[in-house]
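Remarks on the overall topology
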Amino acid sequence: MNLAKSISHFCLIFKGDFDTMNISKKEFEMNLLTVINEKVSAAFKAAGFDDAQTLVRAADRPDLADYQANGALALAKSQHQNPREVAEKISEELKKDSFFSEVSVAGPGFINMKIKDEELTKLAAQILTQEKAGYERADKPQTVVLDYCGPNVGKVLHVGHLRSGNIGDAVRRIMTFAGDKTIGDAHLGDWGRPMGLVLTELQHRWPDMPYFKPDYTGDDGYQIPFTLADVVEAYPIASAKAKEDEAYMEQAKQYTRELQEGKKNLRDLWKKFVDLTKADTQDLMQQLNVHLDLWWGESTVNDRCVKMIESLKQSGMAELDEGAWIIRQEGDTPPLILVNSAGASMYAASDMATIEAREEEFKPDAIIYFTDARQGLHFSQVFASAKKAGICPENVKLEYQPFGSVNGADNKPYKTRDGGVPTLRFLIDSAVQKARTKMDAGEIGRDLTDAEKDEISHTVGVAALKFMDLMNDKVKNYIFDEERMVSTEGKTGPYLLYAMVRMKSVLEKLGEPKDDTLILTNPAERKLLLNLYTFPENVQIAYDNRAPHVIADYLYKLCQDFNLFYHDCPIKDADETTKNSRLNLVAYTLKVALICADMLGLKVPNKM
RNA sequence: GCGCCUGUAGCUCAGCUGGAUAGAGUGUCGCCCUCCGAAGGCGAAGGUCGUGAGUUCGAAUCUCGCCAGGCGCGCCA
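In this report, the structure presented in the accompanying data block is examined.

Conventions and cut-offs
Every chain begins its residue count from 1, and numbering advances along the sequence as written. Labels follow written order: the first chain is A, the first ligand is 1, and so on. Given that the model is predicted, a residue must reach a pLDDT of at least 70 before its local features are reported, and side-chain atom pairs must reach 80 or more before they are shown or counted; all residues, however, enter totals for whole chains, interfaces and linings. Side-chain metrics rest on all non-hydrogen atoms present in the structure, leaving aside hydrogens and water. Comment: elements are numbered from the N terminus, with helices defined as DSSP H or I runs of at least four residues and strands as E runs of at least two. A simple rule labels every residue: compare its accessible area, found with a 1.4 Å probe on the protein chains alone, to the largest value its type can have, and call it buried under 20%, exposed over 50%, or partly exposed in between. Criterion used throughout: strands pair if DSSP finds at least two bridges between them. The axes are straight lines fitted to the C-alpha atoms, using for helices just the contacting stretch, and the angles between their N-to-C directions are given from 0 to 180°. Only heavy atoms enter the contact rule, under which two residues are in contact if any of them lie within 4.5 Å. For the purposes of this analysis, a disulfide is any pair of cysteine sulfur atoms at a distance within 2.5 Å.

1. Looking at unusual backbone geometry
Glycine aside, negative phi is the norm for most residues, and most peptide bonds take the trans geometry. Non-glycine residue H187 carries a positive phi angle of around 50°. With respect to the helices, strands and loops of the structure, H187 is situated in the loop between strand 6 (181-185) and helix 9 (193-205). The residue N411 is not glycine, and still its phi comes out positive at about 65°. A residue is classified by how much of its surface remains accessible, and N411, at 49% relative accessible area, is partly exposed.

Dropping the structure here:
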């Protein structure tokens, strides 16, 4: 994504023409970018350029400027004028504004602006004290359903669920912060042939369960003899047996059908192992601080799915081809298969029915899917078909947000040392264990009790795991380096947590600031303050691109700037004014950092 | 064969909806604790942005070709 473009998009609504927008000027002076953009926009007008984009953004050459405007370049191009002359004219107007200490034209026509320290410090109390630290929603808030996590009954959660849950939840948090109404749905895989297979295998192993007695009426108080581990083990075994043993396969098919028809004994048993999966998933997601609002599954839309397929057949949208019911696609795209030639409905049908259910229940503006990058074709078929069939209204946006795979050092999908697929529980446990080892070996945390160490190492370990997963552009594969993950050096979860713990610690030990006066006496303070002001733009870019890594990157830079400030600017022994000012900076930084951490679903301990 | 994604420092990655001298981290080398948390900070070295054209005043960024890697292509999810 392009920073400049995203910011300019963000700026588009601020044309300096507040009256026509029926919004008070005050409300728009909510962050530094909009303040400057208003000034530059006014200068454009005064110089005779009315409708041009100002293209204001934080300078990418901090040695030359605080903010820059690239609008003169674009303007000169469209009007066939000399860009430097255009920039000079605008810059002459800007120089009249006492807000800036320096305005100059550089290179082909960049307008560079430096802001007076007093202006910069004065704005802090107006901007950084706001609940959202200057972030202002540009367009109308939306209702959005987000589909992530995606656990499957009978299968153990693995690294793919880590990505789906982490990324989906982070995007949900970002959207929620931005003002959207969000609904996170786990989309449980709890239907179809796998369920029949599990039922069959459970019967083989525990034939005495009441569910299989001919006179079954209910399972009140019955304690199931199997655990989640048994269910997870049962599925692949059943799957293998079914391929060999025809009778076994027939039994599984029959159970699948009877389950879907609602036969009570099977439904009751099915519910037992679905609940086991759900409880396990809930536990893991809670450990990861991934929030879900909804636990709809494929079973939730079963009845709807049956009706939908019938109606698609009636309308001619679906056609029979080689024994299967399909929906033809545009161009070379292969058809979507609704019902296979054996008469079983496919997951594409279930996904379409789920869209219909979500539309009916929530009337969302958008539905966003977080699944791995291999499902692109599937979703393009489902989306196109849902639109074509009128299941999804035209104005509802269906969005597929793919993510790359997690690879080992060999750049092949990540495996444990024994070659197995690492479970999510294993990943969490080993991250926590590593954090604990680090804590026990280090000088830090000596004064903590064992219980505190347990809790903090869990927080740190999970943050390490999550941050590693969120710090890169989600569409790319990344290499899982378990040692680097828990390192406190460099761009890691523990580094961020450490910086934030320091901020908390400073405020706790030296007290909160007495008033909101801010003074700048050191370059590190100025750098940190300027960075705090760019929070709104970063949120906007992250929002527009559904890109948690933009927040991750911003938080990292904020912590770097803070650590430099912390190192260069002593607080305890400074004079009262300086001390108070620096405490203000710490408080502002902590506030913004905690918002960012929350967007990423990172918990921040008080000590570590 | 068709389609999607990726290729930037030794390594791991930002930047990619066109702008200045392409940024971090890590690794290597050097420096900084009498001080609010050194799980920290500072500095040095390190790049034909896969490749070749094109568009443009200006290309890592846009277009096209090529090369390399990953993934997907009707009855699993």
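2. Considerations on the sheet that holds strand 5 (residues 143-147)
Here we have 4 strands laid out as an open sheet, ordered 6-5-10-11, and parallel in their pairing. Bordering the open sheet on either side are strand 6 and strand 11 (397-400), each of which pairs with just one other strand. For this sheet the average axis-to-axis angle between neighbouring strands, irrespective of direction, equals 15°. Here strand 10 (residues 366-369) pairs with strand 11 via 4 bridges, running parallel. Bridge pairing links Y369 to Y400 in strand 11. Lying over the sheet, helix 15 (residues 376-388) contacts strand 10 and strand 11, oriented at roughly 175° with respect to strand 11.

3. Here's the deal with the sheet that holds strand 7 (residues 319-321)
Taking strand neighbours across the sheet as the criterion, the 3 strands line up as 7-8-9 in an open arrangement whose pairing is antiparallel. Two strands close off the open sheet at either side, each with one partner strand: strand 7 and strand 9 (336-339). The sheet shows a mean angle of 50° between the axes of neighbouring strands, taken without regard to direction. Judged from the 3 bridges that link them, strand 7 and strand 8 (residues 324-327) form a sheet pairing that is antiparallel. Bridge pairing in strand 8 links L320 to W325. Strand contacts of helix 14 (residues 347-362): strand 8 and strand 9, with the helix running at about 85° to strand 9, the strand carrying the most contacts.

4. Examining the state of the cysteines
Inspection of every chain in the model, using the stated rule, returns 0 disulfides. In this model C559 remains outside any disulfide bridge; the closest cysteine sulfur is found in C596, 8.6 Å from its own. Of the residues examined, C559 reaches a relative accessible area of 0% and is grouped as buried. Looking at the unpaired C569, the closest cysteine sulfur is the one in C559, lying at 16 Å.

5. So, the environment of Y148
Along the polypeptide, Y148 turns up in the loop between strand 5 and helix 8 (159-177). As for Y148 and D469, which are separated by 321 residues in sequence, their C-alpha atoms are 15 Å apart. With sequence-adjacent residues up to four places away left out, Y148 is seen in contact with S164, G165, G168, D169, R172, G184, D185, A186, V290, H291, L292 and F370.

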